[in-house]
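Report on the structure
Now for the letters of each chain:
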Amino acid sequence: MIPTPVKHRFFTPGVLIISVLALNGLVFLAIRFIYGIGAVTNLDNNTPWGLWIGVDVAASIALAAGGFTSAALGHVMHRESYHAIVRPALLTAMLGYTLVAFAVCVDIGRFYYIWHPLIMWNGNSALFEVGICVMILCRFFI
Amino acid sequence: MLHCERPACVSACIVGALSKLEDGSVVWDDSKCIGCRYCMVACQFQIPTYDYNKSIDPHIRKCDLCYDRRKDGKLPACVDICTNEVLLFGKRTELLRIAKNRIKRKSDVYVDHIYGEQEIGGISWMYLATKNFDKLKMPTLGVNPAPRTSESIQHGIFAYFVPPVTLYALLGIIMWITKRSKEEDIEDSHEPKPDKKEEEL
């Protein structure tokens, strides 16, 4: 298939609605980075994690599952007919994992220390395993 | 407070910022913590707290049994200031002996239960009470340490890296077989595909 530029206009109503939502999110993002995560969420010491963990981590990683499966079909099983979808699937997977990294960066309190799990290992931690997997797989996609 | 013998927060921390010291206290390391608050999720007593209204350098705050004071040989501040010896500080075995003595001496006052002697593998901060502990809103917990389940799973699926290596070896074998059968099918070999493949665990 030869790639061709899209002909219809870019700012369709759907794109506009999503842009407004994204701009709204940017405002809250700014507040979070100025006044802390307590200013934009209802988190307290009894509920340290919000529902969005389920959305940003679970949904974005689920996005990547398609990439894994397509890559397994195309490159591991060598089903050549699937090659057309392997690249877009891998791109989506990479975007998904990158979004996890960004979302986590917003969520954790000391975002400037996000590289710490690379050198400070705690093999007992389930979260450490998640972190290392995200980093390794991100590198594979790239 | 509490300072479990097998702390769930220490097991859960992604970077090992929390540690159980020789003297029994569970302390937090400012230079390691990334602020993910997983320790707060892991803790069964909601002990660690967090600076929610700070954007830069929020701390996880919990009792460290006055680490700085004890370095100078002083007692923790709460124990030092208490006039009636409601709080005692000392070796665990010694404290347990005193607690059992108190229960025996005043069996009409105290409930015959030392909260923290057995709970989740033992707690270094133990309580005596005159009412049942569930009436005091203390969680009723078993004797198994909290991290036991998660750690056995974690150590199981990565035991000496055998399961992951086996999985990738298996995938490699599948690749090799399917590629060979493909080449037998089509004689004109097309250019080799880039060697990027991954399968989620």
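The structure presented is a predicted model; accordingly, all values stated were derived computationally and were not measured. The residue count restarts for each chain, going from 1 along the sequence in the order it is written. Written order determines the labels here, with chains lettered from A and ligands numbered from 1. Note on the predicted model: pLDDT of at least 70 is required for a residue's local features to be given, and 80 or more for side-chain atom pairs to be given and counted; whole-chain, interface and lining totals, by contrast, use all residues.

A closer look at the overall build of chain A
Runs of H or I in DSSP of at least four residues are treated as helices and runs of E of at least two as strands, each being numbered from the N terminus. A count of helices and strands for chain A gives 5 helices and 0 strands. Mapped from its N terminus to its C terminus, chain A presents α and β elements in the order α-α-α-α-α. Within these notes, the globule rule equals 2.2 Å times the number of residues to the 0.38 power, and the radius of gyration is based on C-alpha atoms. Relative to the 2.2 N^0.38 estimate, which gives 14 Å for 142 residues, the radius of gyration of chain A is 19 Å and therefore markedly larger than a compact globule would have. Once C-beta atoms are placed from the backbone, each residue is buried if 20 or more other C-beta atoms lie within 10 Å of its own, exposed if 12 or fewer, and partly exposed for counts between those two. Counting the 142 residues in chain A, one finds 23% classified as buried.

Observations concerning the overall build of chain B
A tally of regular secondary structure across chain B gives 7 helices and 4 strands. Put simply, chain B runs from its N terminus to its C terminus through helices and strands in the order α-β-β-α-β-β-α-α-α-α-α. In summary, chain B has a C-alpha radius of gyration of 26 Å against a globular reference of 17 Å for 201 residues, an excess of more than 25%. Its C-alpha atoms put chain B at 90 × 40 × 30 Å along the principal axes. Across the 201 residues in chain B, those meeting the buried criterion constitute 22%. A separation threshold of at least 6 residues defines the contact pool for chain B, and within that pool the share at least 24 residues apart is 43%. By definition, residues are in contact whenever their C-beta atoms, placed on the basis of the backbone, come within 7 Å of each other.

Comments concerning the interface of chain B and chain A
Contact residues are listed per partner, giving 40 residues for chain B and 38 residues for chain A. Among the elements of the structure, helix H1 (8-12), helix H2 (38-42), strand S3 (49-50), helix H6 (147-157) and helix H7 (162-185) of chain B are those that each provide at least two residues to the side of chain B that touches chain A. Top element by residues in the side of chain B that touches chain A is H7(B). It accounts for 6 residues. Tallied by class, the residues present in the side of chain B that touches chain A amount to 17 nonpolar, 10 polar and 13 charged. When residues are grouped by polarity, Ala, Val, Leu, Ile, Met, Phe, Trp, Tyr, Cys and Pro land in nonpolar, Asp, Glu, Lys and Arg in charged, and all others, Gly among them, in polar.

Focus: the domain arrangement of chain B
Interface extent is often summarised as the accessible area lost during association of the parts. Domain boundaries in chain B define domain 1 (8-150) and domain 2 (158-201). Annotation comment: domain bounds sourced from an automatic or database domain assignment. Between the C-alpha centres of domain 1 of chain B and domain 2 of chain B there is a distance of 51 Å.

Structural notes on the nonpolar core
In terms of nonpolar packing, the biggest core is built from 41 residues, with B:Cys9, B:Cys13, B:Leu18 and B:Cys39 touching the most fellow members. Secondary structure elements with two or more residues in this core: helix H2 (52-76), helix H3 (83-107) and helix H5 (126-141) of chain A together with H1, strand S2 (26-28) and H2 of chain B. Among the elements that take part in this core, H3(A) stands out by supplying 7 residues, more than any other. The contact partners of B:Cys9, leaving out residues within four places of it in the chain, are B:Leu18, B:Val26, B:Cys39, B:Ala42, B:Cys43 and B:Pro48. Think of a nonpolar core as buried Ala, Val, Leu, Ile, Met, Phe, Trp, Tyr and Cys residues chained together by C-beta atoms that fall within 7 Å.

Some remarks on the packing of H2(A) against H3(A)
All names here are of chain A. Interaxial distance between H2 and H3 falls to 7 Å at its minimum, and their mutual angle equals 155°. With respect to H3, the axis of H2 lies roughly antiparallel. The two elements H2 and H3 cross, and the hand of that crossing is left-handed. Contact residues: Asp56, Val57, Ser60, Ile61, Leu63, Ala64, Gly66, Gly67, Phe68, Ser70, Ala71 and Gly74 in H2; His83, Ile85, Val86, Ala89, Leu90, Thr92, Ala93, Gly96, Tyr97, Leu99, Val100 and Ala103 in H3. Axis angles are defined between N-to-C directions and span 0 to 180 degrees, where every axis is a line fitted to C-alpha atoms and, for a helix, only to the segment in contact. Roughly parallel means an angle under 35 degrees; roughly antiparallel means over 145; roughly perpendicular covers 65 to 115; every other angle is labelled oblique. The hand of a helix crossing depends on one turn: near helix anticlockwise from the far one by less than a right angle means left-handed, and clockwise means right-handed.

Overview of the domain arrangement of chain A
Here chain A is partitioned into domain 1 (11-48) and domain 2 (50-141). Between the C-alpha centres of domain 1 of chain A and domain 2 of chain A the distance comes to 22 Å.

Remarks on the environment of B:Tyr52
With respect to the helices and strands, B:Tyr52 occurs in the loop between S3 and strand S4 (60-61). Look at B:Tyr52 and you get partly exposed, because 19 C-beta atoms sit within 10 Å. Each residue touching B:Tyr52, except ones within four places of it in the same chain, is listed here: A:Gly36, A:Ile37, A:Gly38 and A:Leu43.

Things to note about the environment of A:Gly67
Residue and element names in this part refer to chain A. Inspection of the secondary structure puts Gly67 in helix H2. Under the C-beta neighbour-count criterion, Gly67 is labelled buried, with 26 such atoms within 10 Å. When the C-alpha positions of Gly67 and Ala89 are compared, they lie 4.5 Å apart, and in sequence the two are 22 residues distant.

Here we look at the confidence of the model for chain A
Chain-level statistics for chain A give a pLDDT mean of 84 and a share of 96% at 70 or above. pLDDT: the predictor's confidence for each residue, scored from 0 to 100. Predicted confidence in chain A is weakest over H5(A), with a mean pLDDT of 74, and strongest over helix H1 (residues 13-35) of chain A, with 93.

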